[in-house]
Amino acid sequence: MARRRKGRAINGWLVIDKPLGVTSTDVVNRVRRKLDARKVGHGGTLDPLATGLLPLAFGEATKTVAYVMEGDKTYRFTLRWGVATTTDDAEGEVVATSDIRPDRAAIEAVLPQFQGLVSQVPPAFSAIKVDGQRAYDLARDGEQVELSARPVRIDRLVLADQPDADHAVFECDCGKGTYMRSLARDLGEALGTRAHIATLRRLAVGPFEEADAISLDSVETLEHVARAEELLLPVEAALDDIPALTLTEAEALRLKSGQPISMLARSNAGRIRDLESGDVVCATSGGKPVAISRFEGGELRPVRVLNL
């Protein structure tokens, strides 16, 4: 007899405004316990030093996590000039200092070189694997970690504030895999000084924005679990950037069984006129998502079936 899985079957997204000083895993575990949820994942790790949006996926929503993690992000961070650390943030040990404090004109002059497709070396203290081990584990053991530069995309980088000579506040819109700690380090080097992240907040990730977020405390203090479930966003909230394609009930049943659907009939011309081969769509029926699918060779083929 199959062992019954613990927890309740809950489907949807809950966007938590992660507080300072806790890990993303801590947040997942605390919310899982509160909701007695069977299956929970998150849409992109935040360091303990960071605050802001941490989308949690429940049940069938875990099948859409990749689309959130692939999405664009917006960050607001405070950079501390004159000090470099082992971790490129305020949690690390100081490894170098500088007396140089750049002014607004100097800062704004270098910003264009950090926008567009740029080459970035990830921090030594990162989750990237080196010979099967996480870089941060090697770095904590005192090993020299050499990570290769990789291309990242930065769409917007602006100087938002200068509260004093030692600090500058920036906002950044970027693509997947962009490290704000590396950006802070590189900004310092470009300006002839040193720098690290003092504070970091994620303002947006994929389709989710601050208006979607709820504090961790407010979830944990809810008296009734049902009230927490009312705060869930639908599974398809993660798929806002993916075209939707409405299916008939018969087509939906075929797709859910793992079979492709031919879309070559003339009657389907209107439904597929904006699709190109290789496009990913969210197939829906009766107002509910049925499957994340790919349109190829005139067929709609299921990629991830959603059992809602």
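Here's a quick rundown of the structure. Note that the coordinates shown come from a computational prediction; the quantities given were computed from them, not determined experimentally.

Turning our eyes to something else, we now look at unusual backbone geometry. In most cases, non-glycine residues show a negative phi, while peptide bonds are predominantly trans. Residue D36 is not a glycine yet carries a positive backbone phi of 50°. Despite not being glycine, D88 shows a phi value in the positive range, around 65°. One can find D88 in the loop between strand 5 (83-85) and strand 6 (94-97).

On to the packing of aromatic side chains. Summed over the entire model, instances satisfying the criterion amount to 2 aromatic pairs. Ring geometry for W13 and F208: centres 5.3 Å apart, planes at 50°, overall tilted. Of the two residues, W13 sits in strand 1 (residues 12-18) while F208 sits in strand 13 (residues 208-209), which places them 195 residues apart along the sequence. Residue class for F208 comes out buried when judged on its relative accessible area of 2%. Aromatic pair F77 and F170: ring centres 5.4 Å apart, planes at 20°, arrangement stacked. Here F77, found in strand 4 (residues 73-81), pairs with F170, found in strand 11 (residues 167-174); they are 93 residues apart in sequence, far enough to count as distant. Accessibility expressed as a relative area gives 0% for F77, which makes it buried.

What follows covers the nonpolar core. Grouped together as the largest cluster of nonpolar side chains are 47 residues, with contacts concentrated most on F58, F77 and F170. Those residues in contact with F170, other than ones at most four positions away along the chain, are Y75, R76, F77, L79, W81, I107, L111, L157, V158, L159, A160 and L187. By size, the runner-up hydrophobic cluster in this structure holds 15 residues, among which are L275, V281, A283 and V305.

Moving on, we get to the pattern of salt bridges. Summed over the entire model, instances satisfying the criterion amount to 17 salt bridges. One salt bridge connects D47 with R181, and the closest N-O pair in it is separated by 3.5 Å. With D47 in the loop between strand 2 (40-42) and strand 3 (50-58) and R181 in helix 5 (residues 180-190), the pair connects residues that are 134 residues apart, well separated along the chain. You can call R181 buried: its relative accessible area is 7%. The closest approach of N and O atoms between K176 and E70, which form a salt bridge, is 2.8 Å. You can see K176 sitting in the loop between strand 11 and helix 5 and its partner E70 sitting in the loop between helix 2 (65-69) and strand 4, a full 106 residues away along the chain. The network of salt bridges with common partners includes R76, R156, E171 and D173.

Procedures and definitions
- Residues numbered from 1 in each chain as written.
- Predicted model: local features only at pLDDT ≥ 70, side-chain atom pairs only at ≥ 80, totals over all residues.
- Heavy atoms only, no water.
- Helix = DSSP H or I, 4+ residues; strand = E, 2+ residues; numbered from the N terminus.
- Phe/Tyr/Trp six-rings, centres within 6.5 Å; stacked < 30°, edge-to-face > 60°.
- Buried < 20%, exposed > 50% of the residue type's maximum accessible area, 1.4 Å probe, protein only.
- Core = buried A, V, L, I, M, F, W, Y, C linked by side-chain atoms within 4.5 Å.
- Contact = heavy atoms within 4.5 Å.
- Salt bridge = Lys/Arg side-chain N within 4 Å of Asp/Glu carboxyl O.

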